Amino acid sequence: MNLLMITRKVDRDDSHAGHTYGWVRELAHQLAPGRLEVLCLQQGNIGGLPGNVHVTSLGKERGVGRVARWVNFFLHAPRLVGRADAIFCHQNPEYTIAVWPFAKLFRKRIVTWYTHGSVTWKTKAVARLADVILTASPQSFRVPSPKVVVTGHGIDLEQFTYQLRPHKNTLHVVSVGRISPTKDYETLIQAVALLRQQGASEVVVSIIGEPGLPQQVAYQKSLKQLVARQKLEEIVQFIGPVPNREVARYYQTADAMVNLSRTGSVDKAVLEAMACGCLVVTANEAFRGILGSEWVITPNDPVALAAALREMMAMDAATRQTLGHQLRSVVERDHNLTALVGKIITAAEGQRPTV
């Protein structure tokens, strides 16, 4: 089978989109000897991809402007769609909308992957135009449609491996994601300040990420000012961006991962942490059925977060290890990349994936 994949960026070194590289690699492995054509907005380091992958970039990395990129899309799309057996649109709904006329012209199926809690006219259009919509959880695509198949997420279990941690007195907390108000990092900082005030000083925090937009730089500055006011400079560290292929080592050495964003859908970063055996506290309601109520806290609540972290600090080594293994097993069963790619190919071949 020959498949056309349309995605935003292929770059194994990217801190936000680096996981897409792993998806491309696994798709190519399972399609072989078939060919995987990738049409992307932007291309970075693609070294090491299998020989049956060909990447075509619309040129954002070369400074090509938005209008010119659309021109490039309409120049490349007929050729790539014409020689593919099916089309796989990864995440952004614009790709499904843009490629649909060519899919109809050449009578090719569109399989769309989408995970986000929001509903817009674009997601409604996807529900009408795609042949199959794959999503990570029931909350990740909220337009009712018989085309929707809940598949679980795609976590690379060879990259995000379980690591046994030596028990230590200090709880090392990590938080990974864009530095954006939607991530609510101030609640994490305030919770750590509360722990210090209550005499629980055995906690350190690593915040990994960078502002996603220029206007979010001011938010990052405000967070650093909050850390300074609370005199937490030696406890809360801003690490900066880390390539997705390297972030696993942070999860493997941390004891807990805090995720306070409320996307309403199953967050990939939380699953990556779980795959490494990292304990998790989140404000994302989509994880209530996965983690249980104990580790899903109310949003914007430093007191609740501090209480959850205190409970983790009180755990002995055996309890932490048991919980870590349980979290890893959830990802292995429900959210592993190999199984997801098999479902993508099954859908592209015209069959309904099993769930």
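Thresholds, definitions, all that
- Residues numbered from 1 in each chain as written.
- Predicted model: local features only at pLDDT ≥ 70, side-chain atom pairs only at ≥ 80, totals over all residues.
- Heavy atoms only, no water.
- Axes fitted to C-alpha atoms, helices over the stretch in contact; angles between N-to-C directions.
- Helix = DSSP H or I, 4+ residues; strand = E, 2+ residues; numbered from the N terminus.
- Parallel < 35°, antiparallel > 145°, perpendicular 65-115°, else oblique.
- Left-handed = near helix turned anticlockwise from the far one by under 90°.
- Contact = heavy atoms within 4.5 Å.
- Buried < 20%, exposed > 50% of the residue type's maximum accessible area, 1.4 Å probe, protein only.
- Salt bridge = Lys/Arg side-chain N within 4 Å of Asp/Glu carboxyl O.
- Expected span 1.5 Å × (residues − 1).
- Pairing = 2+ DSSP bridges.

Chemist: What exactly am I supposed to notice about the packing of helix α8 (residues 268-275) against helix α11 (residues 317-334) here?
Modeler: Two packed helices can be described by the angle between their axes and the distance between those axes. Look at α8 against α11: their axes get within 7 Å of each other, and the N-to-C directions meet at 125°. By the criterion of interaxial angle, the relationship of α8 to α11 is oblique. Remark: the crossing between α8 and α11 carries left-handed chirality. Side by side, α8 and α11 meet where L271, M274 and A275 of the first sit next to G324, L327, R328, V330 and V331 of the second.

Chemist: Before we go on, may I ask you to explain the environment of A191 in this structure?
Modeler: As for its position among the elements, A191 is in helix α5 (residues 185-197). Residue classification places A191 among the buried residues on the basis of a relative accessible area of 0%. Residues A191 and V204, spaced 13 residues apart in sequence, show a C-alpha to C-alpha distance of 12 Å. Setting aside chain neighbours within four positions, we find A191 in contact with P302, L305 and A306.

Chemist: Mind showing me how you'd approach the pattern of salt bridges here?
Modeler: Tallied over the entire structure, the rule returns twelve salt bridges. Where D255 meets R320, a salt bridge forms, and the shortest distance between an N and an O atom there is 3.6 Å. Here D255 is found in the loop between α7 (248-253) and β11 (256-259), whereas its partner R320 is found in helix α11, with 65 residues between them in sequence. With a relative accessible area of 4%, D255 lands in the buried category. Judged by its relative accessible area of 10%, R320 is buried. Salt bridges sharing partners connect three or more residues here, namely R35, E37 and R83.

Chemist: How should helix α10 (residues 302-314) be read in this particular structure?
Modeler: In an α-helix there are 3.6 residues to a turn, and that puts residues three or four apart on one side. Taking 1.5 Å of rise per residue, 13 residues should cover 18 Å, and α10 covers 18 Å from first to last C-alpha, within 8% of that figure. Buried residues in α10 make contact with β8 (171-176), α5, β11, β12 (279-282) and α11.

Chemist: Explanation requested: the sheet that holds strand β2 (residues 36-43) in the structure shown.
Modeler: For sheets, the rule is that strands pair by backbone hydrogen bonds, running either parallel or antiparallel. If you trace the seven strands from one edge of the open sheet to the other, you get β3-β2-β1-β4-β5-β6-β7, paired in parallel fashion. Lying at the two open borders of the sheet, with one neighbouring strand each, are β3 (53-57) and β7 (148-150). Taken pair by pair, the neighbouring strands of this sheet meet at an average axis angle of 25°, ignoring direction. Running at roughly 175° to β2, helix α2 (residues 66-82) makes contact with β1 (3-10), β2, β3 and β4 (86-90) of the sheet.

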